[in-house]
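Chains, contacts and geometry: an overview
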Amino acid sequence: MVRFKNRWLLVEFIDISPVDTSSKAGIRPLDGKQVYNALRDSVTTNFGDAGWGAVGMSLTVKYFSPTTNLCIIRVARDHHRIAWGAVTLLTSIDDVRVIPHVVHVSGTAKHAQLSAIAHNREVIARFRSRAKIPALYQDSYGEYLARSTREIEALQD
């Protein structure tokens, strides 16, 4: 029996769209399907059909958080550099300008989960510091952290 070896990419998409509250009202937040479609387009644009043929069967978006724009992507180990390159070359996802930041690359789902949970805590701490909210203050971010931790831990290979 053959075991498929994967790489797990933990990617944060930093939104660089100009802040305009009137135009943001009609835009819906990103989701995993939009990220997958943008990755597919990036692979075919930058690496051609051969690149998509190499990663297409194994590339999946396992988790995406619209709150923190954190994403976990699974891809076959042999071709993870193509997927990593495609992520790096992304400039927008459905007309939302982003800068992709590959936070962590892992060989196991468990280490990707642990890194995602730690990164979520860092991002929420940044949100709280911008809002000047004390760390012990109960807010919606605490609920979000608990919910996202459960979702990330529930990921299966």
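Quick note: structure is the one above.
These lines cover the structure that appears in this document, whether it is placed above or below.

Reading the values: the criteria
Residues numbered from 1 in each chain as written. Predicted model: local features only at pLDDT ≥ 70, side-chain atom pairs only at ≥ 80, totals over all residues. Heavy atoms only, no water. Helix = DSSP H or I, 4+ residues; strand = E, 2+ residues; numbered from the N terminus. Buried < 20%, exposed > 50% of the residue type's maximum accessible area, 1.4 Å probe, protein only. Contact = heavy atoms within 4.5 Å. Areas by Shrake-Rupley, 256 points an atom, 1.4 Å probe, with all protein chains shown as cover. Core = buried A, V, L, I, M, F, W, Y, C linked by side-chain atoms within 4.5 Å. Pairing = 2+ DSSP bridges. Axes fitted to C-alpha atoms, helices over the stretch in contact; angles between N-to-C directions.

Time to look at the overall build of the protein. The helix and strand inventory of the protein stands at five helices and five strands. Buried positions account for 39% of the 157 residues belonging to the protein. The contacts of the protein with a sequence gap of at least 6 include a subset with a gap of at least 24, amounting to 72%. When the accessible surface of the protein is totalled, it reaches about 9400 Å², and 54% of it is carbon and sulfur.

The next thing to look at is the nonpolar core. V11, F13, V35, L39, I73 and I93 are the most contacted members of the largest nonpolar core, which has 22 residues in total. Those elements that provide at least two residues to this core are strand 1 (6-15), helix 2 (32-55), strand 3 (70-76), helix 3 (80-88) and strand 5 (96-106). Take this core: its biggest share by element is five residues, from helix 2. Residues contacting F13, with those up to four places away along its chain left out, are V35, F64, N69, C71, L90, I93, V98, I99 and P100. Residues L10, A116, Y144 and L145 belong to the second largest nonpolar core, which totals 14 residues.

The five strands lie next to each other as 2-3-1-5-4, forming an open sheet whose pairing is antiparallel. Either end of the sheet is taken by a strand with one partner, and the two such strands are strand 2 (60-65) and strand 4 (92-93). Relative to the sheet, helix 4 (residues 109-131) contacts strand 1, strand 2, strand 3 and strand 5, its axis offset from that of strand 1 by approximately 15°.

The subject of this paragraph is the pairing of strand 5. Looking at chain direction, strand 1 and strand 5 are connected through eight bridges and run antiparallel. From the neighbouring strand, V11 faces strand 5, where its bridge partner is V102. Here two bridges tie strand 4 to strand 5, and the two strands are oriented antiparallel to one another. In the sheet register, S92 faces strand 5, and the bridge partner there is R97. Counted along the chain from strand 4 to the antiparallel partner strand 5, the turn is two residues long, and its residue D94 has a positive phi close to 50°.

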